[in-house]
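Chains, contacts and geometry: an overview
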Amino acid sequence: MPHKNRDAESDDIRRLENEIRRLKEENARLKRLEEIDSGELLQTVSTRYIDLYDNAPDMFFSIRPDGTVISVNQTGARQLGYKKEELVDHPVWKVVYKEDLQYVQSRIENILKNKTVKEELEFRKITKDGRILYVNERTKLVFDEKGKVSEIRITCRDITDKKEAQGILQEQEEKYRTLTFNLNVGLYRSTADDKGEFLEINPAFVKMLGYTSKKKLMSTPVASLYVYPEDRKALQKSLLSKG
């Protein structure tokens with residue numbers, strides 16, 4: 001009987017050793033899978049980040065304090081007509097429109113001097129084929145462990161369409177002012193409140209009312225020119241009803 005008990009104990013020990021070995025092998029397998037999954041996850045996240053960075057609607061630049069380009073996204077290179085390698089390690093000033101270069105360099109110099117963490121500026125850039133882009137740039141300073149500026153990160157947005165629309169509007173307003181200035185009919189614009197303040201008047205209106213200067217008439221309340229105050233109120237009511 002003792003002999004049988006020893007055999008049984010040996011079998012139990014072997015089963016336990018086999019189970020321990022199996023568990024160790026399973027644990028090793030799971031660790032390998034975890035490493036593979038982590039690597040794949042890291043690669044996926046990295047790929048998505050690069051895709052978001054490269055294909056963002058805005059241009060992204062990182063430059064050194066001296067203006068050398070550290071990195072640029074695909075959007076920035078494409079909108080300026082360059083390949084990435086034609087911009088990286090080159091001065092960023094080459095894409096700044098010549099007439100705006102001094103202004104931009106002065107602004108960047110002040111940003112660095114005053115350590116202004118975030119700033120915004122508008123100017124013109126020049127593409128490789130000579131086209132002019134109006135841009136809005138937002139800068140952010142990055143500091144090293146010693147508190148020294150290590151790089152400037154730039155988000156750059158093309159606002160050419162907006163600027164061109166503003167230019168057309170200004171041109172139309174100038175044509176309107178020229179037209180009203182030369183008309184023999186008296187014209188004016190004023191605020192809509194009860195007292196009324198002149199915003200613009202043409203020479204014919206000044207002459208019509210017998211004033212010697214535009215400046216003097218501009219300082220006169222609109223309501224004081226009405227013989228009957230209720231006439232202005234009626235005009236206000238009519239204009240308000242028409243929007």
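In this report, the structure presented in the accompanying data block is examined. All values derive from a computational prediction rather than experimental measurement.

Reading the values: rules and limits
Residues numbered from 1 in each chain as written. Predicted model: local features only at pLDDT ≥ 70, side-chain atom pairs only at ≥ 80, totals over all residues. Heavy atoms only, no water. Helix = DSSP H or I, 4+ residues; strand = E, 2+ residues; numbered from the N terminus. Buried < 20%, exposed > 50% of the residue type's maximum accessible area, 1.4 Å probe, protein only. Contact = heavy atoms within 4.5 Å. Areas by Shrake-Rupley, 256 points an atom, 1.4 Å probe, with all protein chains shown as cover. Pairing = 2+ DSSP bridges. Axes fitted to C-alpha atoms, helices over the stretch in contact; angles between N-to-C directions. Core = buried A, V, L, I, M, F, W, Y, C linked by side-chain atoms within 4.5 Å. Patch = residues over 30% accessible without salt bridge, like charges linked within 9 Å, V, L, I, M, F, W, Y side chains within 5 Å. Salt bridge = Lys/Arg side-chain N within 4 Å of Asp/Glu carboxyl O. Polar contact = N/O pair within 3.5 Å; in protein donor to acceptor, adjacent residues only side chain to side chain.

**Side note on the overall build of the chain**
On a plain count of helices and strands, the chain comes out with seven helices and seven strands. Each helix (α) and strand (β) of the chain, taken in turn from the N terminus, gives the series α-β-β-α-α-β-β-β-α-β-β-α-α-α. Taking all 243 residues of the chain together, the buried fraction comes to 25%. The long-range share in the chain, meaning contacts at least 24 apart out of those at least 6 apart in sequence, stands at 36%. Surface exposure of the chain reaches about 17700 Å², of which carbon and sulfur atoms provide 54%.

**Considering the sheet that holds strand β2 (residues 69–72)**
Spatially, the five strands line up as an open sheet ordered β2-β1-β5-β4-β3, and their pairing is antiparallel. In this open sheet, the two strands that pair with only one neighbour each are β2 and β3 (118–126). Across this sheet, the average inter-strand angle for adjacent strands is 25°, counted without regard to direction. Two elements, strand β1 (residues 59–63) and β2, share three bridges in a ladder whose sense is antiparallel. When the bridges of β2 are listed, Ile 63 appears paired with Val 69. Set on the sheet, helix α3 (residues 98–114) makes contact with β3, β4 (132–143) and β5 (149–158); between it and β3 the angle comes to about 160°.

**Some points on the pairing of β1**
One face of the sheet, then the other: side chains in a regular strand alternate in exactly this way. Within β1, four of the five residues are buried, which leaves the element mostly enclosed by the surrounding structure. Between the antiparallel neighbours β1 and β2 lie five residues, among them Gly 67 with a positive phi of about 95°.

**Focus: the nonpolar core**
Core analysis: the largest hydrophobic core is formed by 25 residues, its most contacted members being Phe 61, Ile 63, Leu 80, Val 92 and Val 104. The element that contributes the greatest number of residues to this core is β5, accounting for four residues. Apart from the residues lying within four places of it in its own chain, the contact partners of Ile 63 are Thr 68, Val 69, Ile 70, Val 92, Glu 151, Ile 152 and Ile 154. Core analysis: the next-biggest nonpolar cluster, separate from the first, contains six residues, Phe 198, Ile 201, Phe 205 and Leu 217 among them.

**Let's talk about a nonpolar patch on the surface**
A cluster of nonpolar residues, Leu 183, Val 185 and Leu 187, forms a patch on the protein surface that exposes about 220 Å² of accessible area. With respect to the secondary-structure elements, Leu 183 resides in the loop between α4 (160–182) and β6 (188–190).

**Regarding the side chain of Glu 151**
Mapped onto the fold, Glu 151 is located in strand β5. For Glu 151, a relative accessible area of 17% translates into the label buried. Only 3.3 Å separates the side chain of Glu 151 from the side chain of Arg 153, close enough to count as a polar contact.

**As for the pattern of salt bridges**
Enumeration according to the criterion identifies eleven salt bridges in this entry. The salt bridge involving Arg 124 is made with Glu 99; its shortest N-O contact spans 3.7 Å. Of the two residues, Arg 124 sits in strand β3 while Glu 99 sits in helix α3, which places them 25 residues apart along the sequence. Residues Lys 125 and Glu 137 are paired through a salt bridge, measuring 2.8 Å at the closest nitrogen-oxygen approach. With Lys 125 in strand β3 and Glu 137 in strand β4, the pair connects residues that are twelve residues apart, well separated along the chain.

**Notes on unusual backbone geometry**
The phi angle at Asp 89 is positive, at roughly 70°, despite the residue not being glycine. Positionally, Asp 89 belongs in the loop between α2 (74–79) and α3. What makes Asp 89 exposed here is its relative accessible area of 57%. Its identity is not glycine, yet Lys 115 carries a phi of approximately 50°, on the positive side. Inspection of the secondary structure puts Lys 115 in the loop between α3 and β3.

It is worth stressing that arrangement in space is one thing and function is another; only the former is reported here.
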